[in-house]
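Here's the letter readout for the chains.
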Amino acid sequence: MKSRWYKDAVFYQIYPRSFCDSNGDGIGDIRGIISKLDYLKDLGINAVWLSPVYASPNDDNGYDISDYRNIMPEFGTMEDWKEMIDEMHKRGIRLVMDLVVNHTSDEHAWFQESRKSKDNPYRDYYIWRKGRGKDGKKPPNNWTSRFQGSAWEYDEATGEWYLHLFSKKQPDLNWDNPKVRQEVIDICNFWFELGVDGFRCDVITYISKAEGLPNGKFNPFLCGDEHFILGPHIHEYLNQVNRESWSKYDTMIVGEAIGCTVDNAESLVSEDRNELDSAITFELMQVDFKWDFWPVKFNLKKFKAVQSAFQSLPDTCWNTLYYENHDQPRSVSRYGNGNGYHRKELAKMLAVSLHMLKGTPYVYQGQEIGMTNIALEEKEYVDIMATRVFEMVRKIFPPLMPIARWAMAKRARDHARTPMQWNGKQGAGFTTGKPWMKINPNHSDVNVESDLKNPNSVLNFYKQLIAFRLHNDVIIHGTYKEYFHNNKNVYCYERAYRGKRYIVICNFKEKNVPLNVDTIGAKGAKLVLANYPKAAETMGDAVFLRPYEAVVYEIGGQTEA
Ligand code: NOJ
């Protein structure tokens, strides 16, 4: 059944709340997405990952679902959604929806029932336990929520606690209950019947919790991980959903896979495992954020080591390539001087460094114009991650507030969620109303309208790069080899297939960098991609890279086997 179409796909991720508002309420919506499908087609992408559009009270912007078979009214109706998928398919764009089934919203009918009584038929859809201590008023174990504080909430109605690894409005489902697994299978099949091409499975590596829910090793921020990340039944559960749903359609299943490393990736994504097709992994994201949130200095060597390790996975595994999504800061601000003179070269260089790799690349909305992080006052942050950090630090130790502000200025998810910058006017072409969150003031300079007009823009470079990549056998199937690993400035690698070689050279520094390339054995290779208007047409013994310069040279391939 599976054509594995995703191996020749370039994805575009839409975070619907911030993409395009069609009705002036300040919130992006489905009709807004429909209005931009020609733009996406023109960009050249052929698949979309759409962050959740299901009914939700929005405690975590749609990642808390109250009805899996309905659309959030703020985003539109089921009719709008059907029109959207039709219009995507007409343009050759596949649609991958978000599947958030580690937890539901506490406003989901299952949870409403579950909390009513201990013998309610839905009680075991969630994870309820008695508290510790004489009066049971202490949480059942020491696990922490990913949004800070205990992962347990006490519920008066039955005098027990329920587990929530995210906010208290996101109770964890009990996957050990076969009925829950059947519900998930039914939900997937419901959407497949409506034409969806796949799912991005939210925190899917959290679904199986260790028996007895034992205490975790002490850690004030992330406690309990070892008891629920890749837990005891993860493979069995993924395999079941794959067998009873995902494998029955020509799908792409990509799992958000915290804990998936080079060492265990095969067990999750190798084709013969029948679990996930690919994994969104986090080791690259942790190079400059310890524990996923604490900023540490960017180290290019570590970064290259992670990329090279994943590139070297066996051919039965398939990589997900990304720098940005709705949970990560903007890559131009993260890996370089995003507000500097060379922002455009930087954005293009990063694109080259990622899109020439083996795997499926994802462009996150706004990345294709080089959108940057935003400077926010504490009160302007709206996302639950930052607001919870501020709340907790203020409560526990207020003198640390400046550090919390410093960390969030680099790490908050808000940076990715500022409205899409379509033009330089008020509302950025995103809305005619009051935007749900602050628009980056730099939209006067950084926007789609001006990029469309400028042949040297980041946007036009993305179009060129995507067109170069699609259907390109060397990029899809080629081998990978890294050069000059110890170089602290440059990321250089080769992709090769049937005698044709691409040499990819990316300067990650905002300074001139010379590089001897005489050891690569590609003298005379021809320039095929460059992020500066003029670069040496032929590769010699050395290349002289300007700030954030990226070049790709091609050699061989005329004499096919
Ligand atoms: C991962 C999602 O990407 C993130 O936005 C969300 O907060 C958590 N999972 C919880 O669903």
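Worth saying up front: this structure is predicted, and the values here are computed from it rather than measured. (Residues numbered from 1 in each chain as written. Predicted model: local features only at pLDDT ≥ 70, side-chain atom pairs only at ≥ 80, totals over all residues. Heavy atoms only, no water.)

It is worth spelling out a positive patch on the surface at this point. Residues K297, K488, K509 and K511 make up a contiguous surface patch of positive charge. Inspection of the secondary structure assignment puts K509 in the loop between β18 (500-507) and β19 (513-516). (Patch = residues over 30% accessible without salt bridge, like charges linked within 9 Å, V, L, I, M, F, W, Y side chains within 5 Å. Areas by Shrake-Rupley, 256 points an atom, 1.4 Å probe, with all protein chains shown as cover. Salt bridge = Lys/Arg side-chain N within 4 Å of Asp/Glu carboxyl O. Lys, Arg positive; Asp, Glu negative; His and termini not counted. Charge placed at Lys NZ, Arg CZ, Asp CG, Glu CD. Helix = DSSP H or I, 4+ residues; strand = E, 2+ residues; numbered from the N terminus.)

Our focus in this paragraph is the UniProt feature "domain: Glycosyl hydrolase family 13 catalytic" (unreviewed entry) in the protein chain. UniProt feature "domain: Glycosyl hydrolase family 13 catalytic" (unreviewed entry): in the numbering of this structure it lies at residues 13-417. With 31% helix and 13% strand, the stretch residues 13-417 has end C-alpha atoms that lie 12 Å from each other. (UniProt positions renumbered as here; feature names shortened; annotations may be inferred.)

Reading across from one edge, β6-β8-β7 is the order of the 3 strands in this open sheet, with antiparallel pairing throughout. Two strands in the sheet have a free side with no partner beyond their single neighbour: β6 (128-129) and β7 (152-155). (Pairing = 2+ DSSP bridges.)

The subject of this paragraph is a nonpolar patch on the surface. A cluster of nonpolar side chains, I396, F397, L400, I403 and W406, forms an exposed patch at the surface whose accessible area comes to about 490 Å². Considering the arrangement of structural elements, one finds L400 in the loop between α12 (384-396) and α13 (401-411).

We now examine the layout of surface pockets. Empty space among the atoms becomes apparent when a probe as large as a water molecule is rolled across them. By volume, the largest pocket amounts to about 660 Å³. If you go around the largest pocket, you meet 35 residues; those closest to its centre are R146, F166, Y206, I258 and D292. Looking at the second largest pocket, its volume works out to about 470 Å³. Q148, F221, M392, V393 and L400 are, among the 18 residues lining the second largest pocket, the residues nearest its centre. Among the secondary structure elements, those contributing two or more residues to the lining of the second largest pocket are α12 and α13. Split into classes, the residues belonging to the lining of the second largest pocket amount to 15 nonpolar, 3 polar and no charged. (1 Å grid on protein atoms, 1.4 Å probe; cavity = no way out; pocket = protein on both sides within 12 Å on 5 of 7 lines; lining within 4 Å. Points joined across faces, edges and corners; volume = space filled by probe spheres on them. Nonpolar A, V, L, I, M, F, W, Y, C, P; charged D, E, K, R; others polar.)

Our next topic: the sheet that holds strand β16 (residues 479-483). Here 5 strands make up an open sheet; going across it, the order is β16-β17-β18-β22-β20 and the pairing antiparallel. Bordering the open sheet on either side are β16 and β20 (526-530), each of which pairs with just one other strand. Between one strand axis and the next, the sheet turns through 20° on average, direction left out of account. Judged from the 4 bridges that link them, β20 and strand β22 (residues 550-556) form a sheet pairing that is antiparallel. In the sheet register, L529 faces β22, and the bridge partner there is V552. The sheet strands contacting helix α9 (residues 300-311) are β16 and β17 (490-497), and the helix crosses β17 at an angle near 15°. Most of the contacts of helix α11 (residues 343-355) go to β18, to which it runs at about 140°, and overall it touches β17, β18 and β22. (Axes fitted to C-alpha atoms, helices over the stretch in contact; angles between N-to-C directions. Contact = heavy atoms within 4.5 Å.)

Residues in contact with the ligand amount to 13 residues; listed here are only the nearest, D60, D202, H326, D327 and R413. Within the side chain of D327, an N or O atom sits 2.5 Å from an oxygen atom of the ligand. Here the ligand loses 97% of its free accessible area of 300 Å² to cover by the protein chains. Taken together, the residues of the shell around the ligand break down into 4 nonpolar, 2 polar and 7 charged. (Near = heavy atom within 4 Å. Polar contact = N/O pair within 3.5 Å; in protein donor to acceptor, adjacent residues only side chain to side chain.)

Let us now look at the pairing of strand β1 (residues 11-14). Here β1 shows no split at all, with F11 and Q13 on one side and Y12 and I14 on the other all buried. Sheet topology places β1 next to strand β15 (residues 360-364); 3 bridges connect them, and they run parallel. Across the sheet, residue Q13 finds its bridge partner in β15, namely Y364. Looking at chain direction, β1 and strand β2 (residues 47-50) are connected through 4 bridges and run parallel. Opposite I14, over in β2, you have L50 as the bridge partner. (Buried < 20%, exposed > 50% of the residue type's maximum accessible area, 1.4 Å probe, protein only.)

As enumerated under the stated definition, the model contains 41 salt bridges in all. Across the pair D383 and R413 runs a salt bridge, and its minimum N-O distance is 2.7 Å. Separated by 30 residues along the polypeptide, D383 in the loop between β15 and α12 and R413 in the loop between α13 and α14 (414-417) bring together distant segments of the chain. D383 sits in the buried class, given a relative accessible area of 5%. By relative accessible area, R413 is classed as buried at 9%. Linking D541 and K523 is a salt bridge whose minimum nitrogen-to-oxygen distance equals 3.5 Å. Placement of D541 in the loop between β20 and β21 (542-545) and of K523 in the loop between β19 and β20 is noted, with a sequence separation of 18 residues between them.

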